[in-house]
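Summary of the model geometry
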Amino acid sequence: MNWDETGPDTGDLTDERLQDRLVDAGADGEDTAVEAALRPKDLHEFIGQEKVREQLDLVLKAALARGATADHVLLSGAPGLGKTTLSMIIAAEMNAPIRITSGPAIQHAGDLAAILSSLQEGEVLFLDEIHRMSRPAEEMLYMAMEDFRVDVIVGKGPGATAIPLELPPFTLVGATTRAGLLPPPLRDRFGFTAHMEFYAPTELERVVHRSAGLLDVAIDTDGAAEIAGRSRGTPRIANRLLRRVRDYAQVKAEGRVDREIAAAALRVYEVDERGLDRLDRAVLEALLKLFGGGPVGLSTLAVAVGEERETVEEVAEPFLVREGLLARTPRGRVATPAAWAHLGLVPPQHGAKGQQGLFGA
C-alpha cells in the first residue's frame, strides 16, 4: 500500500466531521492497523511516484556509499499518498531505526530537545505535519538540522544560561500537506524535497491487486479497476474501499470480487463511479437544483445541505474543484458543465450570468 490541489488544511477538523466518510484520505484507527500489514518494505515494492522513487534511491545509495547519514528529506502532498510509508522505507534502506512524531505533538522547544537528545547516530526522525510545529521548536530545529546541536536554556530571566548540546548525525524526514506554510529557513535546510502526486487509475489497480493478495481477497482485473476508478487517486482510499468490497463479497458473493460485485458494494456505501460520496453529491445537487448552477455564497450552500460552512469548504470542495465539477469565484460557488453531466441534469437555457460568463453555458 502506498501512500496539493492545495486546499484548506483539514488537520484541525473534528473527527465527527470526517469519521463517516469512506472516501476521506485521513487515516482512522482501522486504517493505521491495516496499513502496518500492507505497507511496502523497500523502494522496489513501492508502487507509483516514479520520479520520487528514482531520485530518493540515488540519495540513499550515495549516502550509504559514503558511509554517511542521508540528507534531510521533505515530503509534501495530500494525505494518503505514501509519506509515512516512504519515511519507513528510508529508515529500512539506511539500516537505521526510526522515531515517529508529529508537529502538533511538539508545542514547546523542550519537547523537541528531549526527542533530539535521545536520538542514536544515523537514526531517522519522522516528523509528520511538520508545518503545525510551534515556532520556538521550529527555530530550535534550524540549528539541529544544520549543525547537529541545540542550545538548552536552563533557568529564567537574567540568570538563564544556554547549554550547548551536541547531537549525533541523524536524518529528519518531514511530511506536510501544506508545504506553502513552511517558512523558507526551514524548507531550505532539507537536502531533498519531493512532492507526492495523486495516482493514476492504472497505478491504483496495482495497489488494489497487491493489497488483495495480502488480504487474501479473490479479485479479478475488472474488479480492481472498478475500485481504483473510485479511489480519488489515493492509495489509502483504494485500500479502504477494497476492505468494504471484501465485506460485501463475503456476505453476498462467496468472497469473489468482479466488476459487478465491486460496483454493487460501492453503491451500498454511496460511493459513485467518480468517487463522490453522499456529501459531495449533496453539495452538487443543491448547487444545481436549488440555485441553477450558481453563483451562490458558501454559507447559503452550507445551509442548503445541512452542514457547517467549514465542512463544505474544507471537506467536500477540494475534491470537487480538483475534479472540475465546481469553481470558486469572487461571486460564489459555480457548477461547471461537467457537474451537470455527472448528475445527468440539463443546464438551464439561460443560466445564471456568472455561469455564462465563466463557461459560456
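Just so you know, these numbers come straight off a predicted model, no measurement behind them.

Comments concerning the packing of aromatic side chains
Following the criterion strictly, the structure yields one aromatic pair and no others. Seen in terms of ring centroids, Phe148 and Phe170 are 5.5 Å apart; in terms of plane orientation they differ by 80 degrees. Their pairing is edge-to-face. Of this pair, Phe148 sits in the loop between α6 (135-147) and β4 (149-154) while Phe170 is found in the loop between β5 (161-166) and β6 (171-176), placing the two residues 22 residues apart along the sequence. The aromatic ring of Phe319 is capped on one face by Arg232, whose charged end is 3.8 Å from the ring centroid.

As for the environment of Pro79
In this fold, Pro79 is placed in the loop between β1 (73-76) and α4 (83-93). Under the relative-accessibility criterion, Pro79 is labelled partly exposed at 30%. For the pair Pro79 and Met196, spaced 117 residues apart in the sequence, the C-alpha separation amounts to 9.6 Å.

Section: the confidence of the model for the chain
Residues of the chain with pLDDT of at least 70 account for 84%, and the chain-wide mean is 83. Predicted confidence is poor over residues 1-19, with pLDDT under 50, and the contacts of this stretch with residues over four places away or in other chains come to 67 contacts. Predicted confidence is poor over residues 351-361, with pLDDT under 50, and the contacts of this stretch with residues over four places away or in other chains come to 24 contacts.

With respect to the sheet that holds β6
Hydrogen bonds between backbone atoms are what pair the strands of a sheet, whose relative direction is either parallel or antiparallel. Read across the open sheet, the five strands follow the order β2-β3-β6-β1-β7; overall the sheet is parallel. Each edge of the open sheet is held by one strand with a lone partner, namely β2 (98-102) and β7 (192-195). Strand after strand, the sheet turns through a mean of 15 degrees between neighbouring axes, direction not considered. Looking at chain direction, β2 and strand β3 (residues 124-128) are connected through five bridges and run parallel. The residue bridging Thr101 from the neighbouring strand is Leu127, located in β3.

Thoughts on the pattern of salt bridges
Opposite charge on two side chains lets them pair, provided their charged atoms get close. Under the defined criterion, the tally for this structure stands at 17 salt bridges. Put simply, Glu123 and Arg99 hold a salt bridge, and the shortest N to O gap is 3.2 Å. Of this pair, Glu123 sits in the loop between α5 (109-117) and β3 while Arg99 sits in strand β2, and the two are 24 residues apart along the sequence. Across the pair Glu307 and Arg278 runs a salt bridge, and its minimum N-O distance is 3.4 Å. Residue Glu307 is located in the loop between α13 (298-305) and α14 (309-322), and its partner Arg278 is located in helix α12 (residues 278-290); the two are separated by 29 residues in the primary sequence. A relative accessible area of 38% places Arg278 in the partly exposed class. Counted as one network, the salt bridges with shared partners bring together Asp222, Glu226, Arg230 and Arg259.

A few points about the nonpolar core
Counting 49 residues, the largest nonpolar core has Leu56, Leu86, Ile219 and Ile227 as its most contacted members. Take this core: its biggest share by element is seven residues, from helix α10 (residues 235-252). Not counting the four nearest positions on each side in its chain, Ile227 is found in contact with Val208, Ile219, Ala238, Leu241, Leu242, Val245 and Ala262. Within the second largest apolar cluster, 24 residues are counted, among which are Leu112, Leu116, Leu125 and Leu141.

Some words on the environment of Arg322
Locating Arg322 in the fold gives a position in helix α14. Note on Arg322: relative accessible area 29%, which makes it partly exposed. Note: C-alpha distance between Arg322 and Arg232 (90 residues apart in sequence) is 9.8 Å.

Comments concerning the packing of α13 against α14
Orientation of α13 relative to α14, taken along the N-to-C sense of each, is 90 degrees, at an axis distance of 8 Å. Considered as vectors, α13 and α14 are oriented roughly perpendicular to each other. Together, Leu298, Ser299, Leu301, Ala302 and Val305 of α13 and Arg309, Val312, Glu313 and Glu317 of α14 make up the contact between the two elements. Tallied by class, the residues present in the contact of α13 with α14 amount to five nonpolar, one polar and three charged.

What counts, and at which threshold
- Residues numbered from 1 in each chain as written.
- Predicted model: local features only at pLDDT ≥ 70, side-chain atom pairs only at ≥ 80, totals over all residues.
- Heavy atoms only, no water.
- Phe/Tyr/Trp six-rings, centres within 6.5 Å; stacked < 30°, edge-to-face > 60°.
- Helix = DSSP H or I, 4+ residues; strand = E, 2+ residues; numbered from the N terminus.
- Lys NZ or Arg CZ within 6 Å of the ring centre and 35° of its normal.
- Buried < 20%, exposed > 50% of the residue type's maximum accessible area, 1.4 Å probe, protein only.
- pLDDT = per-residue confidence, 0-100.
- Contact = heavy atoms within 4.5 Å.
- Pairing = 2+ DSSP bridges.
- Axes fitted to C-alpha atoms, helices over the stretch in contact; angles between N-to-C directions.
- Salt bridge = Lys/Arg side-chain N within 4 Å of Asp/Glu carboxyl O.
- Core = buried A, V, L, I, M, F, W, Y, C linked by side-chain atoms within 4.5 Å.
- Parallel < 35°, antiparallel > 145°, perpendicular 65-115°, else oblique.
- Nonpolar A, V, L, I, M, F, W, Y, C, P; charged D, E, K, R; others polar.

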